Amino acid sequence: MTTSFSETLRNATWADHESAESESYLSELMSGRLSEHEYGQMVAQHYFAYTALDGVSRRLAGHPVAGRFVFPELFRERALERDLTTVYGPGWRERVAPSKSTRTLVARIHQVADWPGGFIAHHYTRYLGDLSGGQFIRMELQKIYGYAKGGGVDFYFFDELGSLPRFKTEYRSRLDTLEREFDERERRRMIGEVKLAYQLNTEVLTELMHTVKAAA
């Protein structure tokens, strides 16, 4: 039986995915050991990363290949602004800044914007995670900090998508169409970019943990 590209991609990068999920910052966060403002530091880094990712998505909406993965319902910038307002208040813009690792991630997102496989790699790494494990994170954060819809964890709400399992199935079917668009070399290159995307996102969390420890 032939393995689909979405399955090949998932299997080839699963160890990288697991490494990102086991990062100590997330462990501390999920254990309820971080303050609301320490959680807000992650929200802030998400804001800068998703502003870049959503901006590239808008530019590529008309691209014959990359455009298949542009869903305005996924854009996170406005939700993250509501979350930052909840955590830090209306003056949040003066209180947040991208970390060194976030700047590196953002630079890479822009660097691969003209390469469909690179854009899709970063889009897949972030959004499929948000729609899967991210939903568990949201439920735990609501228990820990008492957030309700409207600010705090709006980043994790994707109501406009309807059924998340159905959307993820559709997304993976679009990944499978890349089997026809990309030759084997290009598919391997995209898999390598997904691995890099996981690494860069993990480095953001690692730096957050160092910041938390330094402030202790």
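Residues numbered from 1 in each chain as written. Predicted model: local features only at pLDDT ≥ 70, side-chain atom pairs only at ≥ 80, totals over all residues. Heavy atoms only, no water.

Visitor: Would you mind going over the overall build of the protein in detail, with residue names and values included?
Guide: Within the protein one finds 9 helices and 0 strands. Overall, the protein shows an N-to-C arrangement of helices and strands of α-α-α-α-α-α-α-α-α. In terms of principal-axis extent, the alpha carbons of the protein reach across some 50 × 30 × 30 Å. Burial statistics for the protein: of 216 residues in total, 53% are counted as buried. Within the protein, contacts between residues separated by at least 24 positions form 81% of all contacts whose residues are at least 6 apart in sequence. For the protein, the accessible surface area stands at approximately 10,400 Å², while carbon and sulfur atoms represent 51% of it. (Helix = DSSP H or I, 4+ residues; strand = E, 2+ residues; numbered from the N terminus. Buried < 20%, exposed > 50% of the residue type's maximum accessible area, 1.4 Å probe, protein only. Contact = heavy atoms within 4.5 Å. Areas by Shrake-Rupley, 256 points an atom, 1.4 Å probe, with all protein chains shown as cover.)

Visitor: Run through helix α1 (residues 5-21), naming residues and quoting values.
Guide: Taking 1.5 Å per residue, 17 residues should reach 24 Å; α1 reaches 23 Å between its end C-alpha atoms and fits that length. Residue Thr-13 marks the point of greatest curvature in α1, where the axis turns by about 55 degrees. Taken as a whole, α1 has its buried residues at Phe-5, Ser-6, Leu-9, Thr-13, His-17 and Ala-20. In this fold, the buried residues of α1 make contact with α2 (24-30), α6 (116-131), α8 (164-181) and α9 (184-215). (Expected span 1.5 Å × (residues − 1). Bend = angle between axes of the 7 residues up to and from the residue.)

Visitor: Which residues make up the nonpolar core, and what values go with them?
Guide: Among the nonpolar cores identified, the biggest contains 68 residues, and Tyr-25 and Tyr-39 are the most heavily contacted of them. With residues near it in sequence (within four places) discarded, Tyr-39 still touches Tyr-25, Leu-29, Val-87, Leu-141, Tyr-145, Tyr-147, Gly-152, Val-153 and Tyr-156. (Core = buried A, V, L, I, M, F, W, Y, C linked by side-chain atoms within 4.5 Å.)

Visitor: Explain the packing of aromatic side chains residue by residue, including any values.
Guide: For any two aromatic rings, the description comes down to two numbers: the centre-to-centre distance and the angle of the planes. This structure, assessed with the given rule, holds 12 aromatic pairs. Look at Tyr-39 and Tyr-147: their rings are 5.9 Å apart centre to centre, the planes differ by 40 degrees, and that puts the pair in the tilted class. Remark: Tyr-147 occurs in the loop between α7 (133-145) and α8 and Tyr-39 occurs in helix α3 (residues 36-59); sequence separation between them is 108 residues. Classification of Tyr-39 by relative accessible area gives buried; the value is 1%. Owing to a relative accessible area of 8%, Tyr-147 belongs among the buried residues under this scheme. Consider the rings of Phe-71 and Phe-167, whose centres lie 4.9 Å apart with planes at 75 degrees: the pair is edge-to-face. Placement of Phe-71 in the loop between α3 and α4 (77-88) and of Phe-167 in helix α8 is noted, with a sequence separation of 96 residues between them. Considered together, Phe-71 and Phe-167 belong to a single accessibility category, that of buried residues. (Phe/Tyr/Trp six-rings, centres within 6.5 Å; stacked < 30°, edge-to-face > 60°.)

Visitor: An account of the environment of Phe-69 is needed here, citing residue identities and associated values.
Guide: Counting through the fold element by element, Phe-69 comes out in the loop between α3 and α4. The buried category is assigned to Phe-69, whose relative accessible area is 0%. Separated by 54 residues in the primary sequence, Phe-69 and His-123 have C-alpha atoms spaced 7.8 Å apart. Residue contacts for Phe-69: discarding those within four places in its chain leaves Phe-119, Ile-120, His-123, Tyr-171, Arg-174, Leu-175 and Leu-178.

Remember that the coordinates give geometry; whether it matters functionally is a separate question.
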